[in-house]
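# Coordinate inspection notes
Here's the letter readout for the chains.
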Amino acid sequence: SETNQDYIKQIIAEEKIRDEKGRESWKLVGTHNHLLDCEVLCHVAADPEFPGGGVHLLPTNDFVKQKRPNKKSPSNRKEYKRPGYLER
């Protein structure tokens with residue numbers, strides 16, 4: 001495996017503990033956990049149940065049903081005129 005020791009140390013840098021009242025929390029047992037935070041946030045962003053999250057690889061039906069402008073139809077934009085100094 002090409003997983004280096006720094007990555008492994010950061011991934012296992014936190015442990016879930018339970019206090020006397022039964023509440024769970026995370027305790028930092030290593031020095032850095034930046035890669036663990038990055039991994040967790042990537043999973044949250046990819047989760048389709050997270051508001052605004054999810055990886056959308058295929059277009060939705062709403063996107064497919066949208067009318068696309070016909071390239072041959074005239075547009076409302078004004079025609080662009082190149083400046084004269086570009087004609088040299």
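Residues numbered from 1 in each chain as written. Predicted model: local features only at pLDDT ≥ 70, side-chain atom pairs only at ≥ 80, totals over all residues. Heavy atoms only, no water.

With respect to the element layout, His34 can be found in helix H2 (residues 34-46). In the structure, His34 is positioned 27 residues away from Tyr7 in sequence and 9.4 Å away in space, judged by C-alpha atoms. (Helix = DSSP H or I, 4+ residues; strand = E, 2+ residues; numbered from the N terminus.)

Summed over the entire model, instances satisfying the criterion amount to three salt bridges. The shortest N-O distance in the salt bridge between Arg18 and Glu24 comes to 2.6 Å. What makes Arg18 exposed here is its relative accessible area of 58%. Classification of Glu24 as partly exposed rests on a relative accessible area of 44%. Overlapping salt bridges, with partners in common, bring together Lys16, Arg18 and Glu24 in one network. (Salt bridge = Lys/Arg side-chain N within 4 Å of Asp/Glu carboxyl O. Buried < 20%, exposed > 50% of the residue type's maximum accessible area, 1.4 Å probe, protein only.)

Before going further, it helps to spend a moment on the confidence of the model for the protein. This prediction gives the protein a mean pLDDT of 78; 67% of its residues lie at or above 70. For the protein, the element scoring lowest by mean pLDDT is helix H3 (residues 61-65), at 58; strand S1 (residues 14-18) scores highest, at 93. (pLDDT = per-residue confidence, 0-100.)

Next up on the list: the pairing of strand S2 (residues 24-28). Where S1 meets S2, five bridges bridge the pair, whose relative direction is antiparallel. When the bridges of S2 are listed, Glu14 appears paired with Leu28. (Pairing = 2+ DSSP bridges.)

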